[in-house]
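# Fold and geometry: a report
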Amino acid sequence: MELYIFNTKSRKKEKLQPQKPPKVGLYTCGPTVYDYAHIGNMRAYVFSDTLRRVLEYNDFQLHHVMNITDVGHLVSDADEGEDKIVVEARKKKKSPYEIADFYTDIFFRHARKLNIKDPSITCKATDHIQEMIDFVKVLVDRGHAYEISDGIYFDISTFPDYGKLSGIDLEEQQEGARVEVNPEKKHPADFALWKKAPKNHIMQWPSPWGMGYPGWHIECSAMGLKYLDGFFDIHTGGVDHIPIHHENEIAQNWGYTGTEVVKYWMHSEFLQVDGGKMAKSLGNFFTLDDIEARGFDPLAFRYLLLNAHYRKKVNFTWEALEGAQKAIDRLTEHVLKFREAPAKKGCGPRLQKYKEKFLEAINDDLNVPRAIALVWDVLRGEEPASEYYQFLLDVDRVLGFGMKDMERKEEEISAEIRKLIERREEARNKRNWEEADAIRDQLLEKGIRLMDTPEGVRWERIRKKEE
RNA sequence: GGCGGCAUAGCCAAGUGGCUAAGGCGGAGGACUGCAAAUCCUCUAUUCCCCAGUUCGAAUCUGGGUGCCGCCUCCA
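Presented here is a report on the structure given in the accompanying data block.

Cut-offs and rules
- Sequence order sets the numbering: in each chain, residues are counted from 1 along the sequence as written.
- Here chains are named by letter from A upward and ligands by number from 1 upward, in the order in which they appear as written.
- Where totals are concerned, whole chains, interfaces and linings use all residues; where local detail is concerned, this predicted model gives features only for residues with pLDDT of at least 70, and gives and counts side-chain atom pairs only at 80 or more.
- Remark: hydrogens and water are excluded; side-chain values derive from all non-hydrogen atoms of the structure.
- To qualify as a nonpolar core, a set must consist of buried Ala, Val, Leu, Ile, Met, Phe, Trp, Tyr and Cys residues joined through side-chain atoms within 4.5 Å.
- Here the term buried applies to any residue with accessible area under 20% of the maximum for its type, exposed to any over 50%, and partly exposed to those in between, with areas from a 1.4 Å probe on protein chains only.
- Secondary structure elements are defined from DSSP: runs of H or I of at least 4 residues count as helices, runs of E of at least 2 residues count as strands, and each element is numbered from the N terminus.
- A contact between two residues is defined here by any heavy atoms of the two lying within 4.5 Å.
- For two strands to be treated as a pair, DSSP must find no fewer than two bridges joining them.
- Only the contacting stretch of a helix is used when fitting its axis, a line to C-alpha atoms as for every element, and angles between N-to-C directions run 0 to 180 degrees.
- Note on ring pairs: Phe, Tyr and Trp rings are taken, using the six-membered ring of Trp, and paired if centres are within 6.5 Å. Classes follow the plane angle, with under 30 degrees stacked, over 60 edge-to-face and the rest tilted.
- One speaks of a salt bridge when a side-chain nitrogen belonging to Lys or Arg is within 4 Å of a carboxyl oxygen belonging to Asp or Glu.
- With respect to orientation, any angle under 35 degrees is reported as roughly parallel, any angle over 145 as roughly antiparallel, any angle of 65 to 115 as roughly perpendicular, and every other angle as oblique.
- Working rule for handedness: look at the near helix, and if it is turned counterclockwise from the far one by less than a right angle, call the crossing left-handed; if clockwise, right-handed.
- Just so you know the grouping, Ala, Val, Leu, Ile, Met, Phe, Trp, Tyr, Cys and Pro go in nonpolar, Asp, Glu, Lys and Arg go in charged, and all remaining residues, Gly too, go in polar.
- Multiply 1.5 Å by the residue count of a helix minus one, and that product is the helix's expected span.
- Cysteine sulfur atoms that pair up within 2.5 Å are treated as a disulfide.

### Some words on the nonpolar core
- Residues L55, I234, F301, F316, L331 and F401 are the most contacted members of the largest nonpolar core, which totals 86 residues.
- No other element matches the nine residues that helix α1 (residues 39-57) contributes to this core.
- When neighbours within four sequence positions are excluded, F401 is seen to be in contact with N115, L299, R302, Y303, L306, I328, L331, I372, D396 and M406.
- Formed by 40 residues, the second largest nonpolar core is a distinct cluster that contains F159, M203, W209 and V261.

Next up, the structure:
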């Protein structure tokens, strides 16, 4: 079975042919850790996680590298700005390293709640300053970079293919439309490889060009080349990275190696909220903690994301999340039924069909929504049998809903509620329906829903209505 | 100003030339139940933003229109 993925560079689905099969080197542009990662950020990582899971499902040997950007992101203006982490540190009166560690921890906590697997290697920019300096030195030596008063810049005029990835024609770009261009730069699109630090800049390191700190794109090149042994089979990121960040990476990689080191570029689309951009100023800026605070399961959010293709914008609404939560709750119920089911003869051929269709879906540029539909076909269309349960566990290697560990929600209930449930049982035994129903309503008010099953009463906590 | 994307049922969304337009949520009806809940069954887009065209055949291709969104700053 062949795996096809959409390559941003060619704008086509291409058959995956890694340089050294069965190995696949995957690089993911990781988080900038000066603030909370929001649910839009998390979409990008659910995407790269899905990609790696699909690769693993196809028996590729995965080598997955992700960076942690803990330095070098300017506040606003490209030339006059200040490191975002530094600003944050100043505000909170902590060291930049403490700030970065704090948000890194939260990022991984959120990632794990979403069943995002840890990359093989996670690398921090601040741990690779020397590699970046060496990289820049080579670019300077080869004439791809030049020095001006505030730093070392890449000379894009030395790279004829600049703009190819995003299809940008440099001549037609409105130069400095939103940013003032440093007049010392040879071309407005020349970008910083190394910045000279003012004295009060907290994070700075010695370099051949004096004290300073690395430019914004160099870390991915330096660390990626180091940990992926000189070649990226696949490089992922959000679509916002295409025009600047990845374009610049390509340029500097080419300047450094004289060749293209990334074969497939893959980019995930944005998550929108209520059909528009998510922004702090609009008050629709959410983190996974917000989702949990409203009583939702992080995996409901995972379901919501996986229910849409990674190259399509997905519209986040609380109503949609409600639907996703319901879906995953029911999925859980079904999975449990299948787990408890005995073996059954004769499901082999049908099972085979499902397996083929599943592989066909995910290998068609990660069409996970189609794969999920298939799971429902099994859950709703087949008699529970252990063979199907094995199939579910198998596909869950890609979907990552944690089916193996799914359990009915058995949350803690207070003694008071337990007592009410018991009193209702007594009333029911006496066929005192009025009292029993009254207690049931009372419990519902408290967010407890009762279900009288043949095996006795069951209960579950329900989410309180929004607002 | 430049570039790009999208428009499929109340909501979230698959599908990109040809059997009956996936799936989930919601809704309706039925079974079950003391009544419910949960579960199960059935139904829920004669039609894919509009108009014109190509074609034996289009949600899918082409042209035009409308609407929405994003990017052009180191935001995934």
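### Notes on the pairing of strand β4 (residues 61-68)
- The buried fraction of β4 is high, at six of eight residues.
- Relative to β4, strand β3 (residues 23-28) runs parallel, the two being bridged by six bridges. Within β4, the position partnered with Y27 by the bridge is V65.
- Of the strand pairs in this sheet, β4 and strand β5 (residues 121-124) are connected by four bridges, and their pairing is parallel. Residue pairing in the sheet places N67 in a bridge with C123 of β5.

### Topic: the sheet that holds β5
- With parallel pairing, five strands are arranged side by side in an open sheet as β5-β4-β3-β10-β11. A strand with exactly one partner marks an edge of an open sheet, and here the two such strands are β5 and β11 (262-268). Ignoring which end each strand starts from, the neighbouring axes of this sheet average 20° apart.
- Contacts from helix α3 (residues 96-113) reach β4 and β5 within the one sheet, and its direction differs from that of β4 by about 145°.
- Seen against the sheet, helix α5 (residues 218-227) touches β3, β4, β5 and β10 (232-238) and runs at an angle of roughly 150° to β4.

### What about the pairing of strand β2 (residues 12-15)?
- By the bridge criterion, four bridges tie strand β1 (residues 4-7) to β2 in an arrangement that is antiparallel. Bridge pairing in β2 places F6 opposite K13.
- Where β1 folds back on β2, the antiparallel hairpin that results is connected by four residues, among which R11 adopts a positive phi of roughly 55°.

### Structural notes on the packing of aromatic side chains
- Per the stated rule, a full pass over the model turns up 21 aromatic pairs.
- Between Y45 and F107, the ring centres sit 5.0 Å apart and the planes meet at 85°, which makes this aromatic pair edge-to-face. Here the residue Y45 occupies a position in helix α1, and F107 occupies one in helix α3, the gap between them amounting to 62 residues. There is no split in this pair, since Y45 and F107 are both buried.
- Here Y146 and Y153 contribute two aromatic rings whose centre-to-centre distance is 6.4 Å and whose plane-to-plane angle is 25°, an arrangement assigned as stacked. An identical accessibility class is assigned to Y146 and Y153; each is buried.

### With respect to the pattern of salt bridges
- Tallied over the full model, the rule gives 29 salt bridges.
- Note that K113 is salt-bridged to E292, the shortest N-O span being 2.6 Å. Residue K113 is located in helix α3, and its partner E292 is located in helix α7 (residues 288-293); the two are separated by 179 residues in the primary sequence.
- On the accessibility criterion, K113 (30% relative accessible area) is partly exposed.
- Judged by its relative accessible area of 28%, E292 falls in the partly exposed class.
- Among the salt bridges present, the one from D161 reaches K164, with a minimum N-O distance of 3.7 Å.

### Concerning the packing of helix α9 (residues 318-340) against helix α11 (residues 368-381)
- Remark: α9 packs on α11, axes separated minimally by 10 Å, with the N-to-C direction vectors making an angle of 55°. By the angle class used here, α9 and α11 are oblique. Both α9 and α11 take part in a crossing whose hand is left-handed. Contacts between α9 and α11 involve A327, R330, L331, H334, V335 and F338 from the first element and V375, W376, V378, L379 and R380 from the second.
- Per-class residue counts for the contact of α9 with α11 are eight nonpolar, one polar and two charged.

### Let's talk about the sheet that holds strand β8 (residues 192-196)
- An order of β6-β7-β8-β9 is seen for the four strands of this open sheet, with the pairing classed as antiparallel. For this open sheet the edge positions go to β6 (145-148) and β9 (212-214), each flanked by a neighbour on one side alone. For this sheet, the mean inter-axis angle between neighbouring strands, taken without regard to orientation, is 20°.
- When β8 meets β9, the two strands line up antiparallel, connected through three bridges. When the bridges of β9 are listed, K195 appears paired with Y213.
- Its contacts with the sheet put helix α4 (residues 129-141) on β6, β7 (151-154), β8 and β9, and the angle it makes with β8 is roughly 115°.

### Quick look at the packing of helix α13 (residues 415-429) against helix α14 (residues 433-445)
- Remark: α13 packs on α14, axes separated minimally by 8 Å, with the N-to-C direction vectors making an angle of 160°. The angle between α13 and α14 places the two elements in the roughly antiparallel class. In the packing of α13 onto α14, the handedness of the crossing is left-handed. Residues I417, L420, I421, R423, R424, A427 and R428 of α13 form the contact with α14, whose participating residues are W433, E435, A436, I439, R440, Q442 and L443.

### What about helix α12 (residues 386-399)?
- End to end, α12 covers 19 Å across 14 residues, agreeing with the expected 20 Å (1.5 Å per residue, within 8%).
- Counting buried positions along α12 gives 10 out of 14 residues, so the element sits mostly inside the fold.
- Residues of α12 that are buried make contact with α1, α8 (298-306), α9, α10 (348-362) and α11.
- Positioned one or two residues after α12, G400 has a phi angle of 65°, which is positive.

### Some words on the state of the cysteines
- This model, assessed by the stated rule, comprises zero disulfides.
- Free of any disulfide, C29 has its nearest neighbouring cysteine sulfur in C220, separated by 3.9 Å.
- By relative accessible area, C29 is classed as buried at 5%.
- As a non-bridged cysteine, C123 has C220 as the owner of its nearest cysteine sulfur, 8.4 Å distant.
- Exposure remark for C123: the relative accessible area of 2% places this residue in the buried category.

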